[in-house]
Every structure is written in structure tokens, then in C-alpha cells.
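Descriptive structure summary
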Amino acid sequence: MNILDNITADKRKEVNLRKGLIPVSQLEHSVLFERDTISLAERLKTSTSGIIAEHKRRSPSKSIINNNLNVQDVARGYEDAGVCGMSVLTDGKYFGGSLDDLLTARASCNLPLLRKEFIIDEYQIIEAKAYGADVILLIAAILSKEEIKQFSELAKSLNLDVLLEVHNEAELQKSIMPSLDMLGVNNRNLKTFEVSLDTSKNLSQIIPDDFVKVSESGISAIEPISVLKDYGFRGFLIGENFMKTENPGASAKAFIKALEQ
Ligand SMILES: O=P(O)(O)OC[C@@H](O)[C@@H](O)c1c[nH]c2ccccc12
């Protein structure tokens, strides 16, 4: 078993528990409001920086990144920095996040919010909507082609955008379908935690141009971003590089300023 198998096994148990506590019918009632803002994909297309900034307390590869921050300050800081969107980890066991974090982020800023989660069940997509997300992540490494289709179509019917994450060519080939909005290449192998920006460069050539391309993980400097832009990437998902500092918003602001110079 690799870590991804452990995470998805835990996730199935967790989702079944939560389904018992809050039935879908009740979740659907708690959908707060329909938001009428520019989508993350649209923002990435017109932005010069293309930064999606993440709230991440810890990770299986790095253990604790930052435990001393509150989500409200981070969300406000990211918004003030001029990021295109915010990603909020909602997994508790491996990343120290929660659905409450998503709700707090929703109440604190107007940015498009990505629910960063290991989605293996439709229930989690309805939850994402109920807790204020605008975008869901689907990870090709843990889903079949049929699940990707079913989950992305459900998301679209709920007015949620879909970021589909791949790490290799086989995952990409099985995933290409019209119900996706953005294609993310994870530079980190979720099974070994190895990071290489070459993953983005190599896969970019075979991602059809009609998808907004996002490069995810391991980005900590501005130079690689200009290279990745030449490969067609419009979005850059950054977590640790901001979260490891005392003030992630200020770090994101300085980073974006440097990028735009
Ligand atoms: O902290 P980094 O290296 O900047 O990475 C952010 C983000 O890409 C990473 O957290 C991530 C990408 N895909 C995921 C899937 C699940 C959990 C986490 C992730």
C-alpha cells in the first residue's frame, strides 16, 4: 500500500461516517448562496501572475508547515495580495485542514475557493458546494474514467468548476473530457513525494489548448514561472512557499509584485 491508498481508504470511512451524520438532503439545504463572481479559469486567463495560493497547515511529506495562523487572516492576506484564487485543504488527518476552514475562508474573502480534498464520493462535491467552494479538485490517480465523468458532471450541475489533476500521460489520456475546466499537473508524485517541474513541462505538450493549464506544487521562486508560462501554463498553485512564512499574504504579495516587474 502506498500513502495514496491509505488516504483514500481513510477517506471512504470518513465520508460514510459523515453521510450518517448529515444526510445529503440536509446538506443541500445548507448551500449558502449562489455566488456571482468571475470564475477561477477566467481570472487565470486574464491574470499576469496566475497565482492560486493555498492554505495548508501540514502535509505528509513535510509534517508541520505552520500551525500558528488563522484562516481568516490568511484568506484576507491572499485577497489583498491579488491572487486569482485560494485553495483550502479540508483533509484533517494528513493535512490538518477541515470543512470549517473552507467556511471561514468563504466568510473572509471574495476569492474563488478551491476545495482541496481527495474526492472519492459525490457526497464530498455537494459538501464542497454547501461549505462555499467554487471549484473542486479531482485527482486522476485515485479515480476511474467513469468516476471522473460522473463527478465532473455533478460539479457542473451545481455550478462548481473542476480542476482535474494529473501526474503522468496515462492519467491525462483517460481524463480529457469536456466537463473539465482546468487541467492541473502535479509536479509532486503523490506516491513518492518526489517533486520535479519537468513533469509540467513534459505533459504540457499533450494537454489540449482549450483547457486552462495549472502547474501545481514545488514552486518557490519566480524564475520557473516564466519558463512554465512559455509552456502554456496560466495558473500556478503555491502552498508551502507562502504558508511556511509568518505572514502568507505578505509573502504572496511580494511574490506577485516580483512576478509583475
Ligand atoms: O505546497 P506546494 O508544494 O506549493 O504544493 C501546493 C499544492 O500543489 C499541493 O498541496 C497539492 C497538489 N495536489 C494535491 C492533492 C492533494 C493534497 C495536496 C495537493
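Scoring rules and cut-offs
- Residues numbered from 1 in each chain as written.
- Predicted model: local features only at pLDDT ≥ 70, side-chain atom pairs only at ≥ 80, totals over all residues.
- Heavy atoms only, no water.
- Near = heavy atom within 4 Å.
- Polar contact = N/O pair within 3.5 Å; in protein donor to acceptor, adjacent residues only side chain to side chain.
- Areas by Shrake-Rupley, 256 points an atom, 1.4 Å probe, with all protein chains shown as cover.
- 1 Å grid on protein atoms, 1.4 Å probe; cavity = no way out; pocket = protein on both sides within 12 Å on 5 of 7 lines; lining within 4 Å.
- Sits in = over half its atoms within 2 Å of the grid points.
- Helix = DSSP H or I, 4+ residues; strand = E, 2+ residues; numbered from the N terminus.
- Nonpolar A, V, L, I, M, F, W, Y, C, P; charged D, E, K, R; others polar.
- Pairing = 2+ DSSP bridges.
- Axes fitted to C-alpha atoms, helices over the stretch in contact; angles between N-to-C directions.
- Contact = heavy atoms within 4.5 Å.

This brings us to the site of the ligand. Near the ligand you find 17 residues, and of these Glu54, Glu165, Ser217, Gly239 and Glu240 are the closest. Residue Glu216 places a side-chain N or O atom 3.4 Å away from a nitrogen atom belonging to the ligand. Between an oxygen atom of the ligand and a main-chain N or O atom of Glu240, the distance comes to 2.8 Å. Surface burial for the ligand is 98%, taken as the share of its 440 Å² of free accessible area covered by protein chains. When atom positions are compared with the pocket grids, the ligand is found to occupy the largest pocket. Elements that contribute at least two residues to the shell around the ligand include exactly β6 (135-139) and β10 (235-238). Among the residues forming the shell around the ligand, the class breakdown is 6 nonpolar, 4 polar and 7 charged.

Below, the discussion takes up the sheet that holds strand β8 (residues 182-186). The strand order around the closed barrel formed by 8 strands is β1-β4-β5-β6-β7-β8-β9-β10, and the pairing between neighbours is parallel. Between one strand and the next, the sheet's axes are offset by a mean angle of 25 degrees, whatever the strand orientation. Judged from the 4 bridges that link them, strand β4 (residues 85-89) and strand β5 (residues 113-116) form a sheet pairing that is parallel. Bridge pairing in β5 places Leu89 opposite Lys116. Across the sheet, helix α4 (residues 71-81) lies against β1 (51-55) and β4, angled at about 175 degrees from β1, the strand it touches most. Of the strands in this sheet, β1, β9 (212-216) and β10 are in contact with helix α10 (residues 223-230), which crosses β10 at around 145 degrees.

What follows concerns the side chain of Asp161. Structurally, the position occupied by Asp161 is in strand β7 (residues 161-166). At 2.9 Å, the side chain of Asp161 forms a polar contact with the side chain of Lys156. Contact partners of Asp161, with chain neighbours within four places excluded, come to Ser39, Leu40, Asp134, Val135, Ile136, Lys156, Asp181 and Met182.

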